[in-house]
Amino acid sequence: MATKFLSPGRRGTSRGVSGRDREERRLAFRMTAPSLVLMALVAAVPIGYALWLSLNQYSVRTAGLSRFVGLDNYVAALTGTHWWAAFGQTFLFAGLSVSLELVLGTAMALLLNLAFKGRALLRTVVLLPYAVVTVVSAITWETMFQPNLGLVTNVLSTLGLPGGDVVWLGEHGYAMAVIVLADVWKTTPFAALIILAGLQVISAETYEAAELDGASKWQAFLYVTLPLLRPAIVLAAIFRTMDALRVFDLPFVLTRGANGTESMSMLAYTELRENRLVGEGSALSILTFLTVMVVSVVYIRFAGGNIREVAKEEQ
Amino acid sequence: MTLEKEANQAKEPLVDLIRPSSPSQEDTTAASVLSARKSATGSASRRRTRITAAAAAAMAAGLLLTACGGGAATQGTEAPAADPASAANATGSLNVCGGKDASGIYKGTVEAFTKANGKVTAKYTEIGATTDEARTQAVQRLEGKSSECDIFVTDVIWTSEFASQGWILDQTELVEASKDRFIPSTVETAKYEDKYWASPFFTNAGLVYYQKDKVAKPETWQQLYAEAAGAEGDSFVYQGKQYEGLTVNFLEMLYSAGGEVLDENGEVKIDSPETREVLDFMVQGLKDGAADRAVLTYNEDPARLAYESGNFGYQRNWPHVYRLLNATPLAGTFGVAPLPAWEGGKASGVLGGWNLAISAHSANQAGAVAFIDFATTPDWQKHVAMDFSQAPVNEAAYADPEVLAKMPFATELLASVKGAKPRPISPVYPQISQAIYKNVYAVLSGTATTENAVKTMAEELTAAKASF
């Protein structure tokens with residue numbers, strides 16, 4: 001995995017396009033055409049279709065009856081309470097889980113980067129939680145946090161710690177904590193792997209230089225490792241945030257959306273699949289899609305600026 | 001994706017991140033990067049236009065697709081009906097589809113039918129592990145006009161939806177011809193707009209299981225809660241998770257307290273003193289320990305497993321739990337009672353159960369009619385109870401000595417079934433149920449006051465009823 005994000009050179013100023021350029025561009029277009037068509041088929045068409053569905057209402061009472069309603073479905077979603085509740089809850093989940101995953105992932109990557117016996121094995125083993133199907137891990141967490149019978153609640157009460165008599169998945173706040181925990185457990189290894197790749201391209205010479213200048217270990221981490229690691233951390237953050245904002249399986253299995261854990265995707269699913277409100281559900285899906293897109297663009301803009309600064313400093 | 005690409009073009013740094021490349025690799029990357037570097041800003045904006053045009057084309061394609069697929073309305077036509085006489089000449093193969101076969105009744109019935117009929121070969125296909133999943137799968141097949149399934153085993157609450165969508169055959173003639181086989185309330189669950197759309201297969205009603213050594217048989221809900229709060233280890237478990245089961249548990253109390261969701265004319269009646277009384281009663285029960293707070297996470301199985309630990313006095317659950325409890329150390333220590341009455345009111349309940357509906361796209365309707373005829377015979381209904389511990393739809397079966405030997409609580413069960421009322425009948429039932437269980441849950445978990453929840457419930461029910 002490449003970990004340096006350098007800008008691909010400065011773009012030329014406005015200038016006439018030469019014939020050779022034009023020909024080259026045509027060739028480029030011809031060469032990319034098959035993949036563009038494929039993309040249009042697998043991505044643009046379904047999204048366009050969903051967009052069309054979201055502008056209509058489909059009767060749940062009479063088969064085949066529909067009417068065009070323009071932006072009514074969006075207006076209804078944005079003026080109601082359900083969408084905004086799900087919106088806030090999803091961002092709370094994403095914020096908590098992604099920050100924890102980045103901190104723990106960095107720590108894990110630093111450990112895995114040390115030279116020790118069995119490192120290759122450990123690097124593989126660490127990835128195991130990421131290989132478990134989310135629904136399966138969610139059911140396992142549900143069982144562990146069950147009152148009376150669950151492992152976690154039993155251990156907590158045996159040790160006399162607080163939380164043993166809490167109905168974790170039936171309580172506001174606690175339920176969100178379990179969902180965040182389940183997500184952190186599963187995807188921290190993924191973040192660690194990306195950050196580890198970033199660590200490995202930092203040359204030993206940089207550290208030697210820092211040492212010669214009298215930097216302590218902590219200073220070397222703070223002023224050498226972290227800045228050079230930033231692109232990798234940003235990449236991990238983007239991947240994880242986009243995933244977290246689309247979360248569905250964890251709340252669906254653990255709480256069914258109760259206790260302030262209903263996510264944007266869950267809300268769309270309920271409208272679409274359970275209530276067969278195709279237009280309303282599609283509008284919610286498009287809103288979710290737009291939210292995730294806006295967040296990634298903002299992220300990349302913000303992070304991109306940083307990366308350019310880093311690149312300038314390096315020069 | 002297209003939009004993302006557009007954003008890509010708009011902002012330079014985005015390209016940097018999506019296509020992370022070292023300076024040396026840059027020279028060999030795709031032609032697009034080359035041209036991006038060489039081209040002028042003017043051409044970049046032209047490219048943007050082209051992408052927008054591509055997006056517009058894709059949209060147009062999407063519109064075309066919908067125009068071809070969705071439009072044709074089929075309302076106003078008379079639904080096709082099943083012909084009772086066709087069963088005699090039935091041959092071929094028959095596919096019965098439904099949820100998980102936990103009690104073995106579906107496979108058992110299919111096998112017995114194949115053996116008894118001789119000409120039709122039936123098999124059972126499991127299309128979902130949970131009730132919700134089975135519904136989603138059935139709806140998918142029906143919307144796609146699939147002929148894979150001839151018969152769908154349908155939950156009693158699906159009838160209106162399936163019938164209104166024209167997904168299943170009108171079974172009015174079939175049901176009328178064998179009406180004397182069924183307990184009247186069970187046939188009502190197959191009714192939508194004065195026609196019958198399915199035949200009852202087996203029914204279901206809530207029961208209270210109680211530890212005879214610790215607590216008394218419940219006569220009223222008030223007495224049950226008082227006893228349950230009396231001592232540690234006597235408390236009550238029910239299904240209080242945010243899902244359909246909570247709607248059932250709540251309605252059982254509401255009905256016995258004299259409340260209702262919709263009246264005969266379909267008007268919303270939830271905003272009533274009875275609703276408030278029941279909600280406050282349930283909340284108080286969680287506060288004083290009559291009901292374990294863990295019920296907020298329980299559906300049927302966790303409630304049963306918790307009760308099996310022996311740390312509880314009462315459990316509300318379905319009849320099939322009897323067989324499972326008898327296989328634990330609790331065997332012989334528990335009693336089975338019909339749902340209690342509300343103090344000063346009467347005992348009531350909510351009717352569950354499963355019906356047999358014929359898919360409108362079935363290629364073997366005659367075989368389906370023959371299967372339904374077999375499954376609802378008084379003789380096979382005895383097996384429903386004896387072999388699978390499910391509640392028959394035929395009243396005589398409950399008094400049969402053979403059945404009583406295997407199902408000693410048959411009398412209590414019949415009382416529960418006969419006292420049970422159906423859930424609101426509507427093609428938008430899923431929305432109605434959500435309005436109920438989400439708001440009841442909010443009160444139980446302490447995130448909403450009774451007053452606010454009742455108001456919201458009424459609003460959401462009215463909105464659901466008004467759906468297009």
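Thresholds, definitions, all that
What you see as residue numbers is a count from 1 along each chain, following the sequence as written. Here every chain gets a letter starting at A, and every ligand a number starting at 1, in the order they are written. A pLDDT threshold of at least 70 governs which residues receive local features in this predicted model, and a stricter bar of 80 or more applies before side-chain atom pairs are shown or counted, although totals over entire chains, interfaces and linings include all residues. No hydrogens and no water enter the side-chain calculation; it runs on all heavy atoms of the structure. To qualify as a helix, a DSSP run of H or I must reach at least 4 residues; to qualify as a strand, a run of E must reach at least 2; elements of each kind are numbered from the N terminus. Between buried and exposed lies partly exposed: a residue is buried under 20% and exposed over 50% of the maximum accessible area for its type, with that area taken using a 1.4 Å probe on protein chains only. Throughout, a contact is declared for two residues whenever any of their heavy atoms are within 4.5 Å. Accessible areas in this description were obtained via Shrake-Rupley with a 1.4 Å probe; residue shielding takes into account the shown protein chains only. pLDDT expresses, on a scale from 0 to 100, how confident the predictor is about each individual residue. The rule for a salt bridge is simple: a side-chain nitrogen of Lys or Arg has to be within 4 Å of a carboxyl oxygen of Asp or Glu. In this description, a disulfide is simply a cysteine sulfur pair whose atoms lie within 2.5 Å. Axes here mean lines fitted to C-alpha atoms, for a helix over just the part in contact, with angles spanning 0 to 180 degrees between N-to-C directions. Roughly parallel covers angles under 35 degrees, roughly antiparallel covers those over 145, roughly perpendicular covers 65 to 115, and oblique covers all other angles. Note: crossing handedness is left-handed where the near helix turns anticlockwise from the far helix by less than a right angle, and right-handed where it turns clockwise. In this count, Pro and Cys sit with the nonpolar residues alongside Ala, Val, Leu, Ile, Met, Phe, Trp and Tyr, while Asp, Glu, Lys and Arg are called charged and the others, Gly among them, polar. When DSSP finds two or more bridges between a pair of strands, those strands are recorded as paired. Like charges are joined within 9 Å and nonpolar side chains (Val, Leu, Ile, Met, Phe, Trp, Tyr) within 5 Å, but only among residues with over 30% relative accessible area and no salt bridge; these make up the patches. Here, nonpolar core means buried Ala, Val, Leu, Ile, Met, Phe, Trp, Tyr and Cys residues that are tied together by side-chain atoms lying within 4.5 Å of each other. The source of the domain bounds is an automatic or database domain assignment. Every helix has an expected span of 1.5 Å times one less than the residues it contains.

A.B. asks: Would you mind going over the overall build of chain B in detail, with residue names and values included?
C.D. replies: Helix and strand counts for chain B come out as 21 helices and 13 strands. Counting only residues that meet the buried cut, chain B has 56% of its 468 residues in that class. Long-range contacts, defined as pairs at least 24 residues apart, comprise 74% of the intrachain contacts of chain B with a sequence gap of at least 6. Total accessible area computed for chain B in this model is approximately 18,400 Å², and 53% of it derives from carbon and sulfur atoms.

A.B. asks: Quick rundown of the confidence of the model for chain A? Include the residues and the values.
C.D. replies: Within chain A, residue pLDDT values average 87, and 91% of them lie at 70 or more. Below a pLDDT of 50 lies the segment residues 1–14 of chain A, which in the model reaches 40 contacts outside its immediate sequence neighbourhood of four places, other chains included.

A.B. asks: How would you sum up the pattern of salt bridges? Please name residues and give values.
C.D. replies: Scanning the entire structure with this criterion turns up 27 salt bridges over all chains. A salt bridge links D271 of chain B to R276 of chain B; the shortest N-O distance between them is 2.8 Å. When its relative accessible area of 18% is taken as the criterion, R276 of chain B is described as buried. Put simply, D271 of chain B and K455 of chain B hold a salt bridge, and the shortest N to O gap is 3.4 Å. Residue D271 of chain B is located in the loop between α12 (244–256) and α13 (273–287), and its partner K455 of chain B is located in helix α21 (residues 450–465); the two are separated by 184 residues in the primary sequence. What emerges from the salt-bridge pattern is a single network uniting E101, D183, R240, D243 and R246 of chain A.

A.B. asks: Account for the state of the cysteines, naming residues and giving values.
C.D. replies: All names here are of chain B. In total, this model carries one disulfide over all chains according to the counting rule given. A disulfide bridge connects C97 with C149, and the sulfur atoms are separated by 2.1 Å. The disulfide joining C97 to C149 has a torsion of about -90° about its S-S bond and is therefore left-handed. With a gap of 52 residues between them, C97 in strand β1 (residues 92–99) and C149 in the loop between α7 (131–143) and β3 (151–155) connect regions that are remote in the sequence.

A.B. asks: If you had to explain the packing of helix α3 (residues 82–113) of chain A against helix α10 (residues 217–245) of chain A to someone new, which residues and values would you point to?
C.D. replies: Residues and elements named next belong to chain A. Contact geometry of α3 with α10 gives a least axis separation of 9 Å together with a crossing angle of 140°. It follows that α3 is oblique to α10 by the angle criterion. Both α3 and α10 take part in a crossing whose hand is right-handed. Of the residues in α10, those touching α3 at T90, F91, F93, A94, S97, V98, E101, L102, T106 and L110 are F221, T225, L229, I233, A236, A237, R240, T241, A244 and L245. Counted by class, the contact of α3 with α10 contains 13 nonpolar, five polar and two charged residues.

A.B. asks: Pulling in residues and values, what's your account of the pairing of strand β6 (residues 199–204) of chain B?
C.D. replies: Residue and element names in this part refer to chain B. The buried fraction of β6 is high, at six of six residues. Strand direction decides the pairing type here: β6 and strand β12 (residues 352–358), joined by five bridges, are antiparallel. The residue of β12 that forms the bridge with P200 is N355.

A.B. asks: Residues and numbers for a nonpolar patch on the surface, please.
C.D. replies: All names here are of chain A. Taken together, L111, L114, F116, L121, L122, V125 and L128 make up a surface patch of nonpolar side chains, about 660 Å² in accessible area. With three residues, helix α4 (residues 119–126) is the largest single contributor of residues to the nonpolar patch. Counting through the fold element by element, L121 comes out in helix α4.

A.B. asks: Just give me the short version of the packing of α12 of chain B against α13 of chain B, but keep the residues and values in it.
C.D. replies: All names here are of chain B. Two elements in contact, α12 and α13, have axes separated by 9 Å at closest approach and are oriented at 125°. Taken together, α12 and α13 sit at an angle that is classed as oblique. Note that α12 runs across α13; the crossing there is right-handed. Between α12 and α13, the contacting residues are F250, M253 and L254 on the first element and E274, T275, V278, L279, F281 and M282 on the second. For the contact of α12 with α13, the class distribution of residues is seven nonpolar, one polar and one charged.

A.B. asks: Account for the sheet that holds strand β9 (residues 314–317) of chain B, naming residues and giving values.
C.D. replies: All names here are of chain B. If you trace the four strands from one edge of the open sheet to the other, you get β8-β9-β7-β10, paired in mixed fashion. The open sheet terminates on both sides in strands that have one partner only, identified here as β8 (236–237) and β10 (334–338). Looking at chain direction, β8 and β9 are connected through two bridges and run parallel. Along β9, the bridge assignment pairs V237 with Q315.

A.B. asks: Explain helix α12 (residues 264–274) of chain A residue by residue, including any values.
C.D. replies: Residues of α12 of chain A that are buried include every one of M264, S265, M266, L267, A268, T270 and E274 of chain A, and no others. Trailing α12 of chain A by a residue or two, R276 of chain A shows a phi angle of about 55°, which is positive.

A.B. asks: Hey, could you go over the sheet that holds strand β2 (residues 120–128) of chain B for me, with residue numbers and the actual values?
C.D. replies: All names here are of chain B. Strand order across the open sheet formed by five strands is β2-β1-β3-β12-β6, with mixed pairing between neighbours. Edge positions in the sheet fall to β2 and β6, since each has one partner strand and no second. With direction set aside, neighbouring strand axes in the sheet form an average angle of 20°. Sheet topology places β3 next to β12; five bridges connect them, and they run antiparallel. Its bridge partner lying in β12, F152 is registered against A357.

A.B. asks: How would you explain the pairing of β3 of chain B if you had to name every residue and give the values?
C.D. replies: All names here are of chain B. β3 sits mainly inside the fold: five of its five residues count as buried. Side-chain alternation along β3 places I151, V153 and D155 on one buried face and F152 and T154 on a second face that is also buried. Bridge count for β1 against β3 is two bridges, and the pairing is parallel. Counterpart to V96 in the pairing with β3 is I151.

A.B. asks: Can you tell me about the nonpolar core, naming the residues and giving the values?
C.D. replies: Residues and elements named next belong to chain B. If you look at the biggest cluster of nonpolar residues, it comprises 85 residues, and the most contacted ones within it are Y209, W221, Y225, Y238, F250 and L444. Per-domain counts for this core show at least three residues from each of domain 1 (84–204 + 352–421) and domain 2 (207–350 + 428–465). Those residues in contact with F250 that lie beyond four places of it in its chain are T275, V278, L279, M282, I436 and V440.

A.B. asks: Give a description of unusual backbone geometry that names residues and reports values.
C.D. replies: We note that R276 of chain A has phi near 55°; this positive angle belongs to a residue other than glycine. Within the element layout of this structure, R276 of chain A appears in the loop between α12 and α13 (278–314). A relative accessible area of 5% places R276 of chain A in the buried class. Not every positive phi belongs to a glycine, and D194 of chain B is a case in point at roughly 65°. Assignment of secondary structure puts D194 of chain B in the loop between β4 (191–192) and β5 (195–196).

A.B. asks: Explain the side chain of T261 of chain A to me, using residue names and the numbers behind them.
C.D. replies: All names here are of chain A. Structurally, the position occupied by T261 is in the loop between α11 (249–254) and α12. A relative accessible area of 4% places T261 in the buried class. Setting aside residues up to four positions removed in sequence, T261 forms contacts with Q89, A175, M176, I179, P251 and T255.

A.B. asks: Break down α12 of chain B for me, citing the residues and quoting the values.
C.D. replies: Residues and elements named next belong to chain B. For α12, spanning 13 residues, the distance from its first C-alpha to its last is 19 Å, which sits close to the expected 18 Å at 1.5 Å a residue. Where burial is concerned, most of α12 is hidden: 13 out of the 13 residues are buried. Taken from the residues just after α12, G258 is the one with a positive phi, measuring 95°.

A.B. asks: Describe the confidence of the model for chain B, naming the residues involved and giving the relevant values.
C.D. replies: When pLDDT is averaged along chain B, the result is 84; 83% of the residues meet or exceed 70. Here residues 1–76 of chain B is modelled with pLDDT under 50, and outside its nearest four sequence neighbours on either side it reaches 92 contacts, counting other chains as well.

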